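Residue-level listing of the chains:
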Amino acid sequence: MSEDSTEILRIALVQSDLYWEDVTANLSSLEEKIAGIADAVDVIVLPEMFNTGFTMNSALAEPMNLTTTKWMKQIAAQTQALVVGSFAVSEAGHFYNRILCVKPDSTFLYSDKRHLFTLGKEHLAFQPGTKRLTVNWKGWKITPLICYDLRFPVWSRNAASDPYDLLIYVANWPSKRAHAWNTLLKARAIENQCYVAGVNRIGEDGNGLKYQGDSAALDYLGEPACMLGDSDVIKIARFSKTDLKEYRTSFPVLADSDQFTIG
């Protein structure tokens, strides 16, 4: 690996309650929590819509490079980590649930939530994404997705020709569907022979929905590297690139997978 690559990827999962539709309070609270991370980390993952909670109030959507983007750049520079999280973005008269991956040098990549949660009327507020993102960071290929995307394995599917190493899901996934969250995170890890990090929130939102967290980091066998339960907590998972390569070599499932593209 190159001098910028790392064998062990240290990923901080930030599981937090969120202040409903209060950007200032959320950014302040999360900044304080992140400042308390004692060890150096390579990636910091925040929940879906970490600055507002899962609201369809498009009046809270921000243009790119405004308050929340600048805050993510600040956190990335301070921690020297890749900072990952989604928030509502306004662009050219449309609104998107957009996930940003911000590097310490302030450069960033992004993609938009593909599968909008119709039960919550998300499709009435936001436009769906059309492109899946893979970020190269410290020798690792990382694909970030958003909440409801977890239920759609085709969109998450790894490619034998150019596989990613880590799937990240950021979420506001309610307690009443916790069994699906826990089961599908394991399934995505096993079927794609990759590490998975799922970061959910806790608490109760402005619509009365309750969240029990269950954020988790899983290895390529679907086995837990760390579990966060229902606490307001940050935990660090450590993933090995060598272990992943050796497993894929010894059990080359991806080579036998179906090849297809999504239109």
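In this report, the structure presented in the accompanying data block is examined. (Residues numbered from 1 in each chain as written. Predicted model: local features only at pLDDT ≥ 70, side-chain atom pairs only at ≥ 80, totals over all residues. Heavy atoms only, no water.)

**Structural notes on the overall build of the protein**
Here is step 1: When you go through the protein residue by residue, the secondary structure sums to 6 helices and 14 strands.
Here is step 2: Projecting the C-alpha coordinates of the protein onto the three principal axes gives extents of approximately 50 × 40 × 35 Å.
Here is step 3: In the protein, buried positions account for 51% of the 263 residues.
Here is step 4: The long-range fraction of contacts in the protein, counting pairs at least 24 apart against all pairs at least 6 apart in sequence, stands at 68%.
Here is step 5: Accessible surface computed for the protein: about 11300 Å², of which carbon and sulfur atoms make up 51%. (Helix = DSSP H or I, 4+ residues; strand = E, 2+ residues; numbered from the N terminus. Buried < 20%, exposed > 50% of the residue type's maximum accessible area, 1.4 Å probe, protein only. Contact = heavy atoms within 4.5 Å. Areas by Shrake-Rupley, 256 points an atom, 1.4 Å probe, with all protein chains shown as cover.)

**Describing the environment of Ile 168**
Here is step 1: With respect to the secondary-structure elements, Ile 168 resides in strand β8 (residues 166–170).
Here is step 2: When residues no more than four places from it in sequence are discounted, the contact partners of Ile 168 are Ile 11, Val 43, Val 45, Val 84, Ile 142, Thr 143, Pro 144, Leu 145 and Ala 197.

**Comments concerning the environment of Arg 177**
Here is step 1: Topologically, Arg 177 is positioned in the loop between β8 and α5 (178–192).
Here is step 2: C-alpha of Arg 177 to C-alpha of Gln 212: the two residues are 35 residues apart in sequence and 9.9 Å apart in space.
Here is step 3: In this structure Arg 177 touches Phe 117, Leu 119 and Arg 151, once residues within four positions along its chain are discounted.

**Quick look at the sheet that holds strand β4 (residues 94–102)**
Here is step 1: Taking strand neighbours across the sheet as the criterion, the 6 strands line up as β5-β4-β3-β2-β1-β14 in an open arrangement whose pairing is mixed. At either margin of the open sheet sits one strand with a lone partner, and together these are β5 (108–112) and β14 (233–240). Between one strand axis and the next, the sheet turns by 30° as a mean value, whatever way the strands run.
Here is step 2: Sheet topology note: the β4/β5 ladder contains 5 bridges and is antiparallel. (Pairing = 2+ DSSP bridges. Axes fitted to C-alpha atoms, helices over the stretch in contact; angles between N-to-C directions.)

**Considerations on empty space enclosed by the protein**
Here is step 1: The tally for this structure, following the rule as stated, stands at 1 cavity of 30 Å³ or more.
Here is step 2: Reported here for the largest cavity is a volume of approximately 40 Å³.
Here is step 3: As for the largest cavity, its lining consists of Ser 111, Asp 112, Lys 113, Lys 131, Arg 132, Pro 144, Leu 145, Ile 146, Asp 149 and Trp 155.
Here is step 4: Elements that contribute at least two residues to the lining of the largest cavity include exactly β5 and β7 (140–146).
Here is step 5: Among the elements that take part in the lining of the largest cavity, β7 stands out by supplying 3 residues, more than any other.
Here is step 6: Here the residues of the lining of the largest cavity are counted per class, giving 4 nonpolar, 1 polar and 5 charged. (1 Å grid on protein atoms, 1.4 Å probe; cavity = no way out; pocket = protein on both sides within 12 Å on 5 of 7 lines; lining within 4 Å. Points joined across faces, edges and corners; volume = space filled by probe spheres on them. Nonpolar A, V, L, I, M, F, W, Y, C, P; charged D, E, K, R; others polar.)

**Concerning the side chain of Lys 113**
Here is step 1: In this structure, Lys 113 sits in the loop between β5 and α3 (122–125).
Here is step 2: Reaching out from Lys 113, the side chain makes a polar contact with the side chain of Glu 48 at a distance of 2.9 Å.
Here is step 3: For Lys 113, the residues in contact, after removing those within four places along its chain, are Glu 48, Phe 54, Asn 97, Glu 122, Gln 127, Pro 128, Gly 129, Ile 146, Cys 147, Tyr 148 and Asp 149. (Polar contact = N/O pair within 3.5 Å; in protein donor to acceptor, adjacent residues only side chain to side chain.)

**Digging into the side chain of Arg 98**
Here is step 1: Among the structural elements, Arg 98 can be located in strand β4.
Here is step 2: Exposure remark for Arg 98: the relative accessible area of 1% places this residue in the buried category.
Here is step 3: Here the side chain of Arg 98 touches Asp 112 through a polar contact of 2.6 Å, side chain to side chain.
Here is step 4: Discounting residues that sit within four places of it in the chain, Arg 98 has contacts with Met 64, Gly 85, Ser 86, Phe 87, Val 89, Glu 91, Tyr 110, Ser 111, Asp 112 and Ile 146.

**A short note on the pattern of salt bridges**
Oppositely charged side chains are able to pair whenever their charged atoms sit close together.
Here is step 1: According to the stated counting rule, one finds 14 salt bridges in the structure shown.
Here is step 2: As a salt-bridge pair, Arg 10 and Asp 42 come within 3.1 Å of each other at their nearest N and O atoms. Of this pair, Arg 10 sits in strand β1 (residues 8–15) while Asp 42 sits in the loop between α1 (23–35) and β2 (43–45); the two residues are 32 residues apart in sequence, bridging distant segments of the chain.
Here is step 3: With a relative accessible area of 26%, Arg 10 lands in the partly exposed category.
Here is step 4: Among the residues examined, Asp 42 registers a relative accessible area of 1% and is labelled buried.
Here is step 5: The partner of Arg 188 in a salt bridge is Glu 191, and the shortest N-O contact between them spans 2.5 Å. (Salt bridge = Lys/Arg side-chain N within 4 Å of Asp/Glu carboxyl O.)

**Section: the nonpolar core**
Here is step 1: In terms of nonpolar packing, the biggest core is built from 47 residues, with Ile 11, Val 43, Leu 82, Ile 142, Leu 166, Ile 168 and Phe 239 touching the most fellow members.
Here is step 2: When residues no more than four places from it in sequence are discounted, the contact partners of Val 43 are Leu 9, Arg 10, Ile 11, Ala 12, Ala 81, Leu 82, Val 84, Trp 137, Ile 142 and Ile 168.
Here is step 3: Formed by 22 residues, the second largest nonpolar core is a distinct cluster that contains Val 23, Ile 34, Phe 87 and Val 102. (Core = buried A, V, L, I, M, F, W, Y, C linked by side-chain atoms within 4.5 Å.)

In short, geometric facts, not functional conclusions.
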